[in-house]
Amino acid sequence: MRNYDELLSSAAKQMRPSGIRRFFDLVSEMPECISLGVGEPDFQTPWDIRDAAVHSLETGRTKYTANAGLKELREEICHWLYRKYGLRYASREVLVTVGGSEAIDLAIRALVEPGDEVIIPEPCFVCYDPITTLTHGVPVPIAAKAENDFRITAEQIEKAITPKTKILVLGYPNNPTGAVLHHEDLEQIAAVLKDKDIIVLSDEIYSELTYGYRHESIAAFPGMRDKTIVINGFSKTYSMTGWRMGYAVGPEPLISAMTKIHQSCIMSAPTTSQYGSITALKDCDDDIEYMRRQYDIRRKYCVRKLNEMGLKTFEPRGAFYVFPNITGYGMTSDEFCEALLQEKHVAIIPGNAFGACGEGFARISYAYSIDHLREAMKRIEEFLKEHREVK
Amino acid sequence: MNAMQLLDLLSENPRATVTDLADILGESLEEVEKTKKSLEDKKIICGYHTVINWDNTNVDHVDAFIGVSAKPQRGKGYDAIAERLAKFPEVSSLYLVSGTSEFLLSLNARTMREVADFVGDKLAPIEGVTATVTMFVLKKYKVNGVTMNIPEEVLDDRLPVSA
């Protein structure tokens, strides 16, 4: 028997496995369970987008596109970013990628030298750390505090900066906490970075899903455009996760380096998806508004229910997650979520899957119908009652 | 309370009880009851309907659309004749439209004979009605936003857990 472990690269072996994987396996063995574990919207992709994609197939648009993506799509991305967040980019500063994830991968690979440090505010999406490791960079996690509504502070960032810092990741609106950064937070972060050659990797994939708060991009702040790569995409905004469509915008030299890598490993994002995405940007503002309204009802419902049943939950202003504090039941996040799954067949994700500081919390996704959420909340409440008595 | 959210919920599920709605919105029963009543009184909520596909029952059922050409009356326009047309219980919808005829109405009946009788005995003799064009419904594909007789879309094929 060959020892494959000896064959694998040390970087691949060192990559942190996704904390969600183990839980995924547990849930897969329980088909009857009520899941609150998804990281994707429940709505169907708006019909106009699907229709445009089908039409592109009918008219024979089945070949590669330019490496960076269709010119028309890149231009629409520029219009959209300006219309939504006042960001000004030219189409040559846009790269269309296979989901936001590819854009994150490319940005880190294009920038990180062995030993370079990447500051990662946690809890956060699971891919920044392993990709940094794969490029022989050093992930530097910093912990966003619950008492600060999971907003990372300029002060914390400043403390983490060393001469080796290459990238600061900002993933807001945040998965898994639902936190958003306020105008003043961004202003202060921009001030800390003012005289430093640090690139901000601003993952704004949830930018359109905010409630009572308008998303601002750090790239729109004075002095920040030149050192920010903004990542966004279609998955969350337009409920298009399976289409695999994301993009990065930023200074041309960085985008061209990323495009060079993209050229070698991807060639171009799926053509059909690109045609659908043009329609999304041009014609689907109403669909975003409809989905946001539905999410907002569910968000308020979950926050209220969880607080009423005794799980302290701050009111998130973005994405489609709530992040309750589950301490007080004598269980770790893993134990709590596993017991809830075994006893009540409800799947939620342990907070530590999103970074060590997520311990003591759990991520609940509200990308489900209100009826589904009500049944799940009923079961969580029963679970808490039963465990309170034991305590 | 936010009336828009109440309308959103009721348009998704008109059968939601006041208790359900109060629970979802975090409002008192009285508050939801009051808001719902006020939306009904203001005719913002005009009714709660059940969409039935009669094809799937043993009951005889015929639907028809009828284009009605009509002359307006001095001082009243088309409203007087519309009022008369709307009185017939078998007329389920009635619209004043642009195009080749003035009114478009939809008719629910049991048999084609009933439709013919309605047109011949009730509709055509009305003063001011100058012509009618009857279109029998052969198959229904979408009624009030609900599709029927075509394959349903996949409801939820998401992985149960993802990042």
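Residues numbered from 1 in each chain as written. Chains lettered and ligands numbered in written order. Predicted model: local features only at pLDDT ≥ 70, side-chain atom pairs only at ≥ 80, totals over all residues. Heavy atoms only, no water.

From N to C terminus, chain B includes five helices and six strands. Projecting the C-alpha coordinates of chain B onto the three principal axes gives extents of approximately 65 × 40 × 30 Å. A total of 163 residues make up chain B; the buried ones form 31% of that total. Put simply, of all contacts in chain B between residues at least 6 apart along the chain, 60% involve residues at least 24 apart. For chain B, the computed accessible surface area is about 10,900 Å², with 53% contributed by carbon and sulfur atoms. (Helix = DSSP H or I, 4+ residues; strand = E, 2+ residues; numbered from the N terminus. Buried < 20%, exposed > 50% of the residue type's maximum accessible area, 1.4 Å probe, protein only. Contact = heavy atoms within 4.5 Å. Areas by Shrake-Rupley, 256 points an atom, 1.4 Å probe, with all protein chains shown as cover.)

Take the state of the cysteines next. Residues and elements named next belong to chain A. For the structure on display, the rule yields zero disulfides over all chains. You can see C357 has no disulfide; the closest cysteine sulfur is in C124, sitting 8.2 Å from it. Relative accessible area serves as the criterion here: at 23%, C357 is assigned to the partly exposed category. (Disulfide = S-S within 2.5 Å.)

With that out of the way, let us pick up the interface of chain A and chain B. Counting from both sides, the interface comprises 32 residues of chain A and, opposite them, 19 residues of chain B. The contact between chain A and chain B buries some 2,100 Å² in all, and 49% of this surface belongs to carbon and sulfur atoms. It is A:F24, A:I297 and A:R374 that lose the most area in chain A upon contact with chain B, and together they represent 26% of the buried surface on that side. Here chain A is connected to chain B by five salt bridges. Of the charged contacts, one joins A:R293 and B:D8 as a salt bridge, the two residues approaching to 2.7 Å between their closest N and O atoms. (Buried area = accessible area lost by both parts, 1.4 Å probe. Salt bridge = Lys/Arg side-chain N within 4 Å of Asp/Glu carboxyl O.)

Attention shifts here to the packing of helix α6 (residues 99-111) of chain A against helix α10 (residues 252-265) of chain A. Residue and element names in this part refer to chain A. Axis separation between α6 and α10 bottoms out at 9 Å; the angle between their running directions is 115°. Comparing their axes, α10 and α6 come out roughly perpendicular. Considering the relative orientation of α6 and α10, their crossing is right-handed. Mapping the contact onto sequence places E102, A103, L106, A107, R109, A110 and L111 in α6 and L254, A257, M258, I261, H262 and C265 in α10. Residue composition of the contact of α6 with α10, grouped by class: 10 nonpolar, one polar and two charged. (Axes fitted to C-alpha atoms, helices over the stretch in contact; angles between N-to-C directions. Parallel < 35°, antiparallel > 145°, perpendicular 65-115°, else oblique. Left-handed = near helix turned anticlockwise from the far one by under 90°. Nonpolar A, V, L, I, M, F, W, Y, C, P; charged D, E, K, R; others polar.)

Residue and element names in this part refer to chain A. Domain parsing of chain A yields domain 1 (4-44 + 286-390) and domain 2 (47-283). With centres defined by C-alpha atoms, the gap from domain 1 to domain 2 works out at 24 Å. With 37 residues of domain 1 in contact, the opposing surface of domain 2 contributes 38 residues. With both sides pooled, the region where domain 1 packs onto domain 2 buries about 3,200 Å², and carbon together with sulfur makes up 63% of that total. (Domains from an automatic or database assignment.)

A few words now on the sheet that holds strand β3 (residues 103-109) of chain B. Residue and element names in this part refer to chain B. What the four strands build is an open sheet, ordered β2-β3-β1-β4; its pairing is antiparallel. Of all strands in the sheet, those bounded by a partner on one side alone are β2 (91-96) and β4 (129-136). Averaged over all neighbouring strand pairs, the angle between strand axes comes to 20°, with direction disregarded. Note: strand β1 (residues 62-70) against β3, seven bridges, orientation antiparallel. Directly across from D63, in β3, lies its bridge partner N108. Helix-sheet contacts for helix α4 (residues 79-87) involve β1, β2, β3 and β4, and the interaxial angle to β2 is about 165°. (Pairing = 2+ DSSP bridges.)

Further remarks concern the pairing of strand β4 (residues 138-143) of chain A. Residue and element names in this part refer to chain A. Strand direction decides the pairing type here: strand β3 (residues 117-122) and β4, joined by six bridges, are parallel. Pairing of I119 across the sheet is with V140, part of β4. Regarding topology, helix α7 (residues 128-134) serves as the crossover connection from β3 to the parallel β4, and that connection is right-handed. (Right-handed = clockwise from strand over helix to strand, strands pointing away.)

Residues and elements named next belong to chain A. Residues V94 and V96 point to one face of strand β2 (residues 94-97) and L95 and T97 to the other, with burial holding for every one of them. Here β2 pairs with strand β8 (residues 246-249) via four bridges, running antiparallel. Bridged to V96 within β8 is Y247.

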